[in-house]
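Analysis of the macromolecular model
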Amino acid sequence: MSANLVFITLLVATSRVSSDILSTFKVLRFTQEASSYIKFNPDFSQYTQAISICGWIKSLGSATYPTVFYYGSFSNAELTMLDDGGYICIFDSCMQLKGKFTVSKNTWFHTCVTWGASSRSHKYYVNGQMLGSQQTPSGRLLKTGQTLTLGNWRGDESNKEFGGEMVNLNFYAKELTASEVKTMADDGMCINMVVDQHEEVRLLKWEEIFKQPRSGTITEVDMTGTCAASVNTLYLQLMEAKTNLNETAEKLLEVSTRLNETEKGLDRAVKELEKYNNTKNKWDWNIFLSEQFINQTVSPEQSEQIRTSWDDIAQKLVGFTITEDLIKFWKIVDCVETEGRPWSMLQSEDYLNQVLTQDLAQQLTSTVPGTELVKELLALP
């Protein structure tokens, strides 16, 4: 079956298919009499710009012009289709495709005619294959207020009786594409009775046609037995798809719950970071310019005094003589944002207790690409 999974999903969701669907399969069989037809005046106001008429036909009659349907007035035909490709007409302009028609009598086949005002193209398909097309006049729209006759040309016309069987003949307010028509044909007659991928534009439905008043003898043929296997298979596939969808929905719900929890955790983390950034102590280098520290050696006691606001940096200064130059140096260290700079390199023999020359500075710059700190160090007195 070629009906796509998306539609199956929607079909399951809307519960169009149930276990008793088999009771709905009814075919209309017309007799080979001019009086055997269905005639009514449908509302075609939604079809003026585009229309597709598709269904399943079995040719049984022997009339010269076996008419499946005729839409128009007594003197002008808007739409006409014979069951043998003989006359496929729109706006009184007909394609005669009987020579291309190869379906034998007493055989079910899918038939479809499409037309759109924008494309100005009238096409005829049999079993998903286009047999012919013709252009229509620019600006010409399908008329409303006409009479639709199924099973005869206009009703009671000899040698124009259909005399065959039809089922699931639907009128769509859309010019179906070639691939859409082929999908219908490939799905098969029984599946078409259950699945319709264009429900939103299926305005005149077979179910409504089936209820219209009938003239002469028209017999209902039950297709339950013929379609049982196909539809049961479809039903099982739909139930499996429904189960899979339920399992997927549960997994998605679980993932969604986890995502919500993660999002809440991230929100908490962001708030904590904001709280930390707003409350953390900031180093005040100017404290060392006071008489208590300037030109003094930092003692353990002094280190303890500044530990609360300086973390462990004060401990690291124990043993250093605080000078203005050293203060400038540590200001530079504090302002550099680059992470992972190898300060331990300055403790090597190449740098320790040495005057930082241009050559040494160049070596340091090449070792740590993008480092601007050495340039600032060179500016120290």
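Residues numbered from 1 in each chain as written. Predicted model: local features only at pLDDT ≥ 70, side-chain atom pairs only at ≥ 80, totals over all residues. Heavy atoms only, no water.

**Points about the overall build of the protein**
- Of the regular secondary structure elements, the protein holds 10 helices and 15 strands.
- Counting only residues that meet the buried cut, the protein has 42% of its 381 residues in that class.
- Counting contacts in the protein only where the partners sit at least 6 residues apart, residues at least 24 apart contribute 71% of the total.
- As presented, the protein carries roughly 20,900 Å² of accessible surface, and 50% of it is formed by carbon and sulfur atoms. (Helix = DSSP H or I, 4+ residues; strand = E, 2+ residues; numbered from the N terminus. Buried < 20%, exposed > 50% of the residue type's maximum accessible area, 1.4 Å probe, protein only. Contact = heavy atoms within 4.5 Å. Areas by Shrake-Rupley, 256 points an atom, 1.4 Å probe, with all protein chains shown as cover.)

**Concerning the nonpolar core**
- By size, the foremost hydrophobic cluster in this structure holds 51 residues, and its most contacted members are I51, F69, Y124, L142, L150, M166 and F171.
- Counting 8 residues, the second-largest nonpolar core is a separate cluster that includes C112, L176, V181 and M184. (Core = buried A, V, L, I, M, F, W, Y, C linked by side-chain atoms within 4.5 Å.)

**A closer look at the environment of R120**
- In this fold, R120 is placed in the loop between β8 (108-116) and β9 (121-126).
- Spatially, the C-alpha atoms of R120 and T136 are 4.9 Å apart, while their sequence positions differ by 16 residues.
- If sequence neighbours within four positions are ignored, R120 has contacts with Q134, Q135, T136, P137 and S138.
- Polar side-chain contacts of R120 include one of 2.8 Å to the backbone oxygen of T136. (Polar contact = N/O pair within 3.5 Å; in protein donor to acceptor, adjacent residues only side chain to side chain.)

**As for the confidence of the model for the protein**
- Averaged over all residues, the pLDDT of the protein is 79; the fraction at 70 or higher stands at 68%.
- Counted against residues more than four places away or in other chains, residues 336-341, with its pLDDT under 50, gives 5 contacts.
- Every residue in residues 368-375 is under pLDDT 50, and counting partners more than four places away or in other chains gives 11 contacts. (pLDDT = per-residue confidence, 0-100.)

**A closer look at the state of the cysteines**
- Applying the stated rule across the entire model yields 2 disulfides.
- Residue pairing for C89: its cysteine sulfur links by disulfide to C94, the two sulfurs lying 1.9 Å apart. Looking along the S-S bond of the C89-C94 disulfide, the torsion reads about 105°, which is the right-handed sense.
- Classification of C89 as buried rests on a relative accessible area of 3%. (Disulfide = S-S within 2.5 Å.)

**Here's the deal with the packing of aromatic side chains**
- Counted by the stated rule, this structure contains 10 aromatic pairs.
- Ring plane angle 25° and centroid distance 4.3 Å describe the contact between F44 and Y71, whose orientation is recorded as stacked. Of this pair, F44 sits in the loop between β2 (37-40) and β3 (50-58) while Y71 is found in strand β4 (residues 67-72), placing the two residues 27 residues apart along the sequence.
- On the basis of relative accessibility, which here comes to 1%, the residue F44 falls in the buried class.
- For the ring pair F91 and W115, a centre distance of 5.4 Å and an interplane angle of 90° mean the geometry is edge-to-face. Here the residue F91 occupies a position in the loop between β6 (88-90) and β7 (93-95), and W115 occupies one in strand β8, the gap between them amounting to 24 residues. Across this residue pair, the class does not change: F91 and W115 are buried.
- Aromatic rings pair up to connect F44, Y47, F69, Y71 and F171 into one cluster. (Phe/Tyr/Trp six-rings, centres within 6.5 Å; stacked < 30°, edge-to-face > 60°.)

**Concerning the sheet that holds strand β14 (residues 214-215)**
- Taking strand neighbours across the sheet as the criterion, the 7 strands line up as β7-β6-β5-β4-β11-β2-β14 in an open arrangement whose pairing is antiparallel. The open sheet has two edge strands with one neighbour each: β7 and β14. (Pairing = 2+ DSSP bridges.)

**Topic: the environment of A34**
- Looking at the secondary structure, you find A34 in the loop between β1 (26-30) and β2.
- As for A34 and E161, which are separated by 127 residues in sequence, their C-alpha atoms are 5.2 Å apart.
- Not counting the four nearest positions on each side in its chain, A34 is found in contact with N152, G155, D156, E157, S158 and E161.

**Here's the deal with the pattern of salt bridges**
- Enumeration according to the criterion identifies 14 salt bridges in this entry.
- Each of D196, E199, R202, K205 and E207 takes part in a single network of salt bridges with overlapping partners. (Salt bridge = Lys/Arg side-chain N within 4 Å of Asp/Glu carboxyl O.)

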